[in-house]
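Spelled out from the first residue to the last, the chains are:
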Amino acid sequence: MLRGADETTVRAAIESTDPLPGTAGFAGELNGTLVRDVLGRQPLFSERNDPDTWAFNRRELADPVRVPAGTRRTDDGDERVWSLPTPAPETDREAALANVESAVHGAVQNIESEGLAVAFSGGVDSAVVAAGVPDAPCYVAGFEGSHDVAAARDAADAMDRELHVVELTHDALREAVPELVSVLGRTNPMDIQIVLPLYLVAKQVAADGFDRLAVGQGADELFGGYAKVEKAPDDPRVEAETVRGAATEMVRTLPEQLERDVLTLRAAGVEPVAPLLHDDVVSAALPLPGELLVADGRRKVALREVADGLVPDSVASADKKAVQYGTYAARELDRLARQAGYKRRMENHVEQYVRSLIGE
């Protein structure tokens, strides 16, 4: 059983070792072996000592071990099949932008809209995705007064889109944390803070009758959306000596991040749709030179430029905060921890609070 691609495509990708064969990611069993695409866009696990027992959901297994991205797993162990390409930087600026434009526009315009809603933060990533499905409702989550809610309202007005606001509350956070820990097998605060608004948006989307949620995942990694990429090599959070090298580091973090996000959305009752992670978009983004990633304090240069014609200029140029900060999820989880007696002077005080919610 495979998710994300048919057997013929995956078999051909194995034989050719082509890491980007034109899919949106895949994982599952093929000819008695487990396979997972190079970016890990579909989570996959097996029992620690029994690779023949496997699942897409780690909670279905007693002792789950993830199948690493880009590998196939057999009784004899894991074999690396695909590696992320490292193409030389494109020297023709216009050609590079044309490739990104073709890939991005094609990916979002091919989204199937049936049963679909859009996770919409007001940034260029989610706005470009939303532009591909003009009749789909948009959803944003956040505490009252949060940046993401204000930005989403402004962007929705500019794009003349229907927007549903999912107002976060302390009770909602407290109730969601144990489920997320169970789904992910993680208690670190950063992961929990990131997925809390995503999970609560998806829960509302599912309650409203939609079974698919379009997201802008991958854009920050592929197109240079992080401050630590912009500041390379002076930012200690990256090892690379160049902006382009730092962006490549971020792309390599995608498998773990996508496992987290996909498992969260499925636990909420929706299937994620991530057009900006299609192989065609990845192939177009990897050769981008540094100046089309970050220039003059402007991040995601190439994506913003090709967004022209899809979204208004005000939306294409809008700044966006990381979701855990833009929604106040991080701030309010910290507040809850302190109210419960876990003070900031205590080591890992938020994680201690998270663990207390699951009875540890």
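Residues numbered from 1 in each chain as written. Predicted model: local features only at pLDDT ≥ 70, side-chain atom pairs only at ≥ 80, totals over all residues. Heavy atoms only, no water.

Colleague: Mind showing me how you'd approach the nonpolar core here?
Modeller: Generally speaking, nonpolar side chains in soluble globular proteins are found buried as a group. Of all hydrophobic cores here, the largest spans 75 residues; its most connected members are Val 104, Phe 120, Phe 223, Leu 288 and Val 311. Of the domains in this structure, domain 1 (2–80) and domain 2 (93–166 + 190–320) are the two that each give at least three residues to this core. Once residues lying within four places of it in the same chain are set aside, the contact partners of Val 311 are Ala 127, Val 128, Ala 131, Met 159 and Ala 316. Residues Leu 61, Ala 141, Tyr 199 and Val 270 belong to the second largest nonpolar core, which totals 41 residues. (Core = buried A, V, L, I, M, F, W, Y, C linked by side-chain atoms within 4.5 Å. Buried < 20%, exposed > 50% of the residue type's maximum accessible area, 1.4 Å probe, protein only. Domains from an automatic or database assignment. Contact = heavy atoms within 4.5 Å.)

Colleague: Whenever I open this one, the packing of helix α5 (residues 170–184) against helix α6 (residues 189–207) confuses me. Can you help?
Modeller: For any two helices packed against each other, one specifies the inter-axial angle together with the distance between the axes. Packing of α5 against α6 brings their axes to within 10 Å, and their N-to-C directions diverge by 110°. In terms of orientation, α5 lies roughly perpendicular with respect to α6. Facing α5, whose interface residues are Ala 172, Leu 173, Ala 176, Val 177, Glu 179, Leu 180, Val 181 and Leu 184, α6 presents Ile 192, Val 195, Leu 196, Tyr 199 and Leu 200. (Axes fitted to C-alpha atoms, helices over the stretch in contact; angles between N-to-C directions. Helix = DSSP H or I, 4+ residues; strand = E, 2+ residues; numbered from the N terminus. Parallel < 35°, antiparallel > 145°, perpendicular 65-115°, else oblique.)

Colleague: Just checking my understanding: could you explain empty space enclosed by the protein for this structure?
Modeller: Taken as a whole, this structure holds one cavity of 30 Å³ or more when the rule is applied. A volume near 70 Å³ is recorded for the largest cavity. What lines the largest cavity is simply Glu 221, Leu 222, Arg 244, Ala 247, Thr 248, Val 251, Ala 285, Leu 286, Leu 288 and Leu 293. Taken together, the elements giving at least two residues each to the lining of the largest cavity come down to α7 (219–223) and α9 (243–251). Considering every element that reaches the lining of the largest cavity, the biggest residue donor is α9, with four residues. Of the residues that constitute the lining of the largest cavity, the class distribution is seven nonpolar, one polar and two charged. (1 Å grid on protein atoms, 1.4 Å probe; cavity = no way out; pocket = protein on both sides within 12 Å on 5 of 7 lines; lining within 4 Å. Points joined across faces, edges and corners; volume = space filled by probe spheres on them. Nonpolar A, V, L, I, M, F, W, Y, C, P; charged D, E, K, R; others polar.)

Colleague: Quick question: what am I supposed to make of the packing of aromatic side chains here?
Modeller: The relative placement of two aromatic rings is captured by the distance of their centres and the angle of their planes. A complete count under the given rule lists four aromatic pairs for this structure. Measuring from centroid to centroid gives 5.4 Å for Phe 26 and Trp 82, while their planes differ by 80°, and the two rings are edge-to-face. Of this pair, Phe 26 sits in the loop between α1 (7–16) and β2 (27–30) while Trp 82 sits in the loop between β8 (77–80) and α2 (93–109), and the two are 56 residues apart along the sequence. The burial state of Phe 26 is the same as that of Trp 82; both residues are buried. Aromatic pair Tyr 342 and Tyr 353: ring centres 6.1 Å apart, planes at 55°, arrangement tilted. With a gap of 11 residues between them, Tyr 342 in the loop between α15 (329–339) and α16 (349–357) and Tyr 353 in helix α16 connect regions that are remote in the sequence. For Tyr 353, a relative accessible area of 4% puts it in the buried group. (Phe/Tyr/Trp six-rings, centres within 6.5 Å; stacked < 30°, edge-to-face > 60°.)

Fair warning: the whole summary comes from geometry, so function is off the table for now.
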